[in-house]
Amino acid sequence: MNSNTGQNTTDRHLVDRVLSGETNVFGIIIKNTENLVAKIIFEMIVNDGDRKDIAQDVYIKVYQKLPGFKFQSKLSTWIGQICYNTCIDHLRKKKLVLAENIFETETDSSNELLDMMNTAQGNFDEPVDTFVIGKNISEIVKKKIEKLPAIYKTLISLYHNEELSYDEIGTITGLPAGTVKSYLFRARRELKNDLLLHYKKEDLW
Amino acid sequence: MVTKHLTDDEVQQYAVDKFNCEKRIAEHIHLCEECRTKVEVYQLLVKGIKQQPQPAFDFDLSKIVLQQLPSPKTTIANDKALAWIFALMGIAFFGGVIYLFQSYFDLFEGIRTIFIYLIAITAITVLIYLVIEMYKKYQKEMKVLDLY
């Protein structure tokens, strides 16, 4: 709570300075929020050139809309929201798919997976982590994440890497917090299923 | 005695945020090896997600954006100067009017002083209001022109 209040004071101070004509202070706002913006853009936009254009576009929009910012959320969350909407507009223009219905027909392979895990349990007494020694879990997961639709990649990144709350992610994406939570559960489940299939293929279990 | 396994959502909840999990879930996982294995898979997955390299732009975004913004404004100083010029012009105008049309003021001799004050105060208030409105409009338009 206190950190939020402190953040809000800092945000207000920076915004006031930019609005009073200190354009250079806008550079501090960019530096403070660049990581969040990069996360959203990298997860949603594939093309490098487009990423550069969109990043600039986002901050130009932020600058233009700054007088209308009401401090109802953190400045970073508001910028994240503008970034997300800009990416959505870009995807729409390019007619790219935001979220395929890969989760709509959830393959209920839970029994199969359960069997695999039981087998694993029967064969090994060590914790799961032990099996990935020598294997780069980060690389494996990266490949699995890349296969997810843009919106799910974004949610995963914002929750686990940026460590935002469901509410904050909801504000950015315009989704209700409950939907964000539900999508995250689905995305992780899909990743887990994919991961277990991978381990099976690699005879790790 | 464990009779029913946890749902996948419950397993995930524990794997992602076990400190805010229901006691029932924690107790089940403590007792059930099968669910514990599922939790470990999710924990491994989350670990993998957290290890992902942080994306970063390979260009100086701040520099590029700042170049596209209007140069720092000196509007405050300009605005103050403008306000002083308007004020002086107003004083000079009213001074001139009083000096040139002194004879017309004889017309007011018959009117009670209080009415003269009322008329003067009303006129000045309306004038101030109009000047403020004009100034606000001017600032708004300048802002729009600056951005495009």
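Residues numbered from 1 in each chain as written. Chains lettered and ligands numbered in written order. Predicted model: local features only at pLDDT ≥ 70, side-chain atom pairs only at ≥ 80, totals over all residues.

1. Describing the overall build of chain B
Next, step 1: What chain B contains, in helices and strands, is six helices and zero strands.
Next, step 2: In sequence order, chain B lays out its α and β elements as α-α-α-α-α-α.
Next, step 3: Per-residue burial over chain B gives 13% buried out of 148 residues.
Next, step 4: The contacts in chain B between residues at least 6 apart in sequence include a share of 58% that link residues at least 24 apart. (Helix = DSSP H or I, 4+ residues; strand = E, 2+ residues; numbered from the N terminus. Buried ≥ 20, exposed ≤ 12 C-beta atoms within 10 Å, placed from the backbone. Contact = placed C-beta atoms within 7 Å.)

2. A word on the overall build of chain A
Next, step 1: The secondary structure content of chain A amounts to nine helices and zero strands.
Next, step 2: Ordered by position from the N terminus, the helices and strands of chain A form the series α-α-α-α-α-α-α-α-α.
Next, step 3: The buried share of chain A, reckoned over its 205 residues, is 31%.
Next, step 4: Partitioning the intrachain contacts of chain A with sequence separation of at least 6 by distance along the chain shows that 73% fall at a separation of at least 24.

3. A look at the confidence of the model for chain A
All names here are of chain A.
Next, step 1: Scored by pLDDT, chain A comes out at a mean of 80, with 74% of its residues at no less than 70.
Next, step 2: Per-element mean pLDDT across chain A ranges from 41 in helix α5 (residues 110-123) up to 96 in helix α8 (residues 166-173).
Next, step 3: Under a pLDDT of 50 for its full length, residues 100-130 has, in the predicted model, 26 contacts with residues more than four places off or in other chains.
Next, step 4: Long-range and interchain partners of residues 201-205, a stretch whose pLDDT sits below 50, account for nine contacts in this model, where long-range means more than four residues apart. (pLDDT = per-residue confidence, 0-100.)

4. Here we look at helix α6 (residues 137-146) of chain A
Given 3.6 residues to a turn, an α-helix orients residues that are three or four positions apart in the same direction.
Residue and element names in this part refer to chain A.
Next, step 1: Among all positions in α6, only Ile140, Val141, Lys144 and Ile145 are buried. Down the axis of α6, the sector holding all buried residues measures 135°, keeping them to one side. Within α6, the exposed residues directed more than 90 degrees away from the buried face are Glu139, Lys143 and Glu146. (Arc of directions from axis to C-beta.)

5. Description of the environment of Trp78(A)
Residues and elements named next belong to chain A.
Next, step 1: Here tryptophan 78 shows up in helix α4 (residues 75-93).
Next, step 2: Linking tryptophan 78 and valine 62, residues 16 residues apart in sequence, is a C-alpha distance of 8.8 Å.
Next, step 3: Residues in contact with tryptophan 78, not counting those within four places in the same chain, are Phe69 and Ser73.

6. Side note on the interface of chain A and chain B
Next, step 1: Facing 43 residues of chain A, the contacting portion of chain B comprises 38 residues.
Next, step 2: Elements that contribute at least two residues to the side of chain A that touches chain B include exactly α2 (25-44), α3 (48-65), α5, α6, α7 (150-161) and α9 (177-201) of chain A.
Next, step 3: Considering each element in turn, the side of chain A that touches chain B owes the most residues, nine residues, to α2(A).
Next, step 4: Here the residues of the side of chain A that touches chain B are counted per class, giving 21 nonpolar, twelve polar and ten charged. (Nonpolar A, V, L, I, M, F, W, Y, C, P; charged D, E, K, R; others polar.)

7. Section: the nonpolar core
Next, step 1: Formed by 58 residues in total, the largest nonpolar core has its most connected members in Ile41(A), Leu155(A) and Leu45(B).
Next, step 2: In this structure, Ile41(A) is in contact with Arg51(A), Ile54(A), Ala55(A), Cys83(A) and Cys87(A), ignoring residues within four places of it in sequence. (Core = buried A, V, L, I, M, F, W, Y, C linked by C-beta atoms within 7 Å.)

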